[in-house]
Amino acid sequence: MLQRKIYQLCCDGREVSIFLRDQQRWIERVRILDIEGDLVTLRYETEEEDEVCSWEEMVRLESIGAVTQKLASVPRGNYEPLVSDDCPEAEQIRHHYPDSSGD
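In this report, we go over the structure that sits alongside the text. Not measured: the values here are computed from a predicted model.

About the cut-offs
- Residues numbered from 1 in each chain as written.
- Predicted model: local features only at pLDDT ≥ 70, side-chain atom pairs only at ≥ 80, totals over all residues.
- Heavy atoms only, no water.
- Phe/Tyr/Trp six-rings, centres within 6.5 Å; stacked < 30°, edge-to-face > 60°.
- Buried < 20%, exposed > 50% of the residue type's maximum accessible area, 1.4 Å probe, protein only.
- Helix = DSSP H or I, 4+ residues; strand = E, 2+ residues; numbered from the N terminus.
- Arc of directions from axis to C-beta.
- Contact = heavy atoms within 4.5 Å.
- Pairing = 2+ DSSP bridges.
- Core = buried A, V, L, I, M, F, W, Y, C linked by side-chain atoms within 4.5 Å.

This brings us to the packing of aromatic side chains. Summed over the entire model, instances satisfying the criterion amount to 1 aromatic pair. Ring geometry for F19 and W26: centres 5.4 Å apart, planes at 50°, overall tilted.

All of the buried residues in helix α1 (residues 2-12) are I6, L9 and C10. Looking straight down α1, one finds that the buried residues subtend no more than 105° of arc, so they occupy a single side. Counted as exposed and oriented over 90 degrees from the buried face of α1: R4, Y7 and C11. On its buried face, α1 sits against β1 (15-20), β2 (25-36), β3 (39-47) and β5 (64-68). Looking at the residues trailing α1, positive phi occurs at G13, about 70°.

We now examine the pairing of strand β4 (residues 52-60). Note: β3 against β4, 9 bridges, orientation antiparallel. Its bridge partner being in β4, E45 is matched across the sheet by S54. Here β3 folds back onto β4 in antiparallel fashion, the turn holding 4 residues.

Within the largest apolar cluster, 16 residues are counted, with the highest numbers of intra-cluster contacts made by I6, I18, V30, I32, V40, L42 and I64. Elements with a minimum of two residues in this core: α1, β1, β2 and β3. Counting residues per element, this core draws most heavily on β2, at 4 residues. Those residues within four positions of L42 in sequence are excluded, and the remaining contacts are I18, I27, V30, R31, I32, W55, E56, E57 and V59.

Encoded structure:
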């Protein structure tokens, strides 16, 4: 079952976070590149003090304990989200209600 889900995420090309049981660590913002037999190829980046490193790692399917994906995010702080009145008129969604007079 997990293999099918990981295969689906691989095909979708989505970024996920993966927990590796044998290493007791999370890898964030991972792309699953390939699944061949029980080997899963992952690609991700890490930020060190003054550099960004790109990694490609092969892990055994059995070492993957959990996979999560971010569904949505909203900035924190004094951020005011745009509402329809703030959008240009051409982009506003207008609801058209049927006329109650029966016309």
